[in-house]
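Okay, here's what each chain looks like letter by letter:
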Amino acid sequence: MLKKRGTETPDCIVVDLAVRNACDHIAQLRATFPLVDIIVFGPQYDPEAFEAAKRAGATEVAARGSIVERVSRRFPK
């Protein structure tokens, strides 16, 4: 979670492709945090949405069912 006026750099950003203007949001996040991984998730089979997210700046794309695993393995237990 990011505060709108926060100054901290996140460890990782996760974006749901189902939100309105997701790719615009991804592009804004990429511009603000050029070195932070942005993981996006969406429906199991939506290659067009996944490709658009990558073009917008997503580091990794994942199907909705595997997002928890993808994010969890980035952080120490």
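Summary of the structure given here. All values derive from a computational prediction rather than experimental measurement. Residue numbers run consecutively from 1 along every chain, following the written order of its sequence. Only residues with pLDDT of at least 70 are given local features in this predicted model, and only at 80 or more are side-chain atom pairs given and counted; all residues enter the totals for whole chains, interfaces and linings. Computation of side-chain values covers all heavy atoms of the structure but excludes hydrogens and water.

## What about the sheet that holds strand β2 (residues 37-42)?
Backbone-to-backbone hydrogen bonds join strands into a sheet, with any given pair of strands oriented parallel or antiparallel. Under the convention used in this document: Here, any two strands with at least 2 DSSP bridges between them count as paired. Comment: elements are numbered from the N terminus, with helices defined as DSSP H or I runs of at least four residues and strands as E runs of at least two. Axis definition: a line fitted to C-alpha atoms, over the contacting stretch in the case of helices. Angles run 0 to 180 degrees between N-to-C directions. Note on contacts: a residue pair is in contact if any heavy atoms of the two residues lie within 4.5 Å.
Strand order in the open sheet formed by three strands is β1-β2-β3, with parallel pairing between adjacent strands. In the strand order of this sheet, the two ends are held by β1 (12-16) and β3 (60-63), each with one partner. Adjacent strand axes in the sheet meet at a mean angle of 25° when their direction is disregarded. Contacting β2 and β3, helix α2 (residues 47-56) runs over the sheet at an angle of about 155° to β3.

## Describing helix α1 (residues 22-32)
Stated precisely, the cut-off is as follows: Using a 1.4 Å probe on the protein chains alone, a residue whose accessible area is under 20% of its type maximum counts as buried, one over 50% counts as exposed, and one in between counts as partly exposed. Note: the arc covers the axis-to-C-beta directions of the helix.
All buried positions along α1 are accounted for by Ala22, Ile26, Leu29 and Arg30. What you see down the axis of α1 is that its buried residues fit within an arc of 100°, all on one side. Seen from the open side of α1, the exposed residues pointing more than 90 degrees away from its buried face are Gln28, Ala31 and Thr32.

## So, the packing of α1 against α2
Just so we agree on the cut-off: The labels follow the angle: roughly parallel below 35 degrees, roughly antiparallel above 145, roughly perpendicular from 65 to 115, and oblique for the rest. Rotating anticlockwise by less than a right angle from the far helix to the near helix defines a left-handed crossing, while the corresponding clockwise rotation defines a right-handed one.
Between α1 and α2, whose axes approach to 8 Å, the crossing angle comes to 25°. Judged by the angle between their axes, α1 and α2 are roughly parallel. Here α1 and α2 pass one another in a crossing that is right-handed. Here α1 contributes Cys23, Ile26, Ala27 and Arg30 to the contact with α2, which in turn contributes Ala52, Ala53 and Ala56.

## A few points about the side chain of Arg30
Condition: Charged residues are defined here as Lys and Arg on the positive side and Asp and Glu on the negative side; His and the ends of the chain fall outside this count. Salt bridges are defined by distance alone: a side-chain nitrogen of Lys or Arg within 4 Å of a carboxyl oxygen of Asp or Glu. By the criterion applied in these results, polar contacts are pairs of N or O atoms within 3.5 Å in which, for protein atoms, one can donate a hydrogen and the other can accept it, and in which residues neighboring in sequence qualify only through two side-chain atoms.
Secondary-structure assignment places Arg30 in helix α1. Asp37 provides the closest opposite charge to the buried, unpaired Arg30, separated from it by 5.7 Å. Within polar-contact distance, the side chain of Arg30 engages the backbone oxygen of Gly57 at 2.9 Å. Once residues lying within four places of it in the same chain are set aside, the contact partners of Arg30 are Leu35, Val36, Asp37, Ile38, Ala56, Gly57 and Thr59.

## Here's the deal with the nonpolar core
Test applied: Within this scheme, the nonpolar core is defined by two criteria: the residues are buried Ala, Val, Leu, Ile, Met, Phe, Trp, Tyr or Cys, and they are joined through side-chain atoms within 4.5 Å.
Of all hydrophobic cores here, the largest spans 14 residues; its most connected members are Ile13, Val15, Leu17, Ile26, Ile38 and Val40. Taken together, the elements giving at least two residues each to this core come down to β1, α1, β2 and α2. Ignoring anything within four residues of it in the chain, the contact list for Val15 reads His25, Ile26, Leu29, Ile38, Ile39, Val40 and Phe41. Counting six residues, the second largest nonpolar core, distinct from the first, contains Ile39, Ala62, Ile67 and Val71.

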